[in-house]
Amino acid sequence: MKLSLLSVSVVAFMLSGCVTKGYVSKQLDPISCRVDILETKNASLDQRVISLESRLATLESQVSQAQLANKAMLDDATARATDSAQRAEAAAASATQAADRAEKIFELGQKK
């Protein structure tokens with residue numbers, strides 16, 4: 001009798017603690033769905049990041065090219081401005097000399 005009672009107790013204990021595959025599936029299905037949704041979102045976000053990195057690289061290249069073009073234009077404008085300033089100084093010096101000569105001629109004409 002003791003052995004039967006012990007056997008019944010062990011079987012009852014085992015049955016109460018056992019989890020069926022159906023129960024596990026029922027509990028894990030919502031979690032599995034959520035994981036699938038998150039994996040899909042993660043893949044989508046990865047694609048967007050790759051796309052944005054590509055666009056960023058393109059924009060960085062375009063900015064670099066624009067900076068080089070602007071520097072070239074600035075250097076050219078600076079060279080032209082420097083040349084113009086030198087020509088203006090030369091013209092001013094020539095005009096000063098011409099004015100001095102005209103003044104001397106005028107003075108000589110006045111003395112006669």
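Everything that follows concerns the structure shown earlier in this document.
Below is a short write-up of the structure.

About the thresholds
- Residues numbered from 1 in each chain as written.
- Predicted model: local features only at pLDDT ≥ 70, side-chain atom pairs only at ≥ 80, totals over all residues.
- Heavy atoms only, no water.
- Salt bridge = Lys/Arg side-chain N within 4 Å of Asp/Glu carboxyl O.
- Helix = DSSP H or I, 4+ residues; strand = E, 2+ residues; numbered from the N terminus.
- Buried < 20%, exposed > 50% of the residue type's maximum accessible area, 1.4 Å probe, protein only.
- Patch = residues over 30% accessible without salt bridge, like charges linked within 9 Å, V, L, I, M, F, W, Y side chains within 5 Å.
- Areas by Shrake-Rupley, 256 points an atom, 1.4 Å probe, with all protein chains shown as cover.

**Quick notes on the pattern of salt bridges**
Then, number 1: Scanning the model with the defined rule gives 3 salt bridges in all.
Then, number 2: Here Arg 80 and Asp 76 are joined by a salt bridge, their closest N and O atoms 2.7 Å apart. Of the two residues, Arg 80 and Asp 76 both sit in helix 2 (residues 21-111), 4 residues apart, roughly one turn of that helix.
Then, number 3: Accessibility expressed as a relative area gives 57% for Arg 80, which makes it exposed.
Then, number 4: By relative accessible area, Asp 76 is classed as partly exposed at 36%.

**Overview of a nonpolar patch on the surface**
Then, number 1: A cluster of nonpolar side chains, contributed by Tyr 23, Val 24, Leu 28, Ile 31 and Val 35, occupies part of the molecular surface with about 430 Å² of accessible area.
Then, number 2: Relative to the assigned elements, Ile 31 resides in helix 2.

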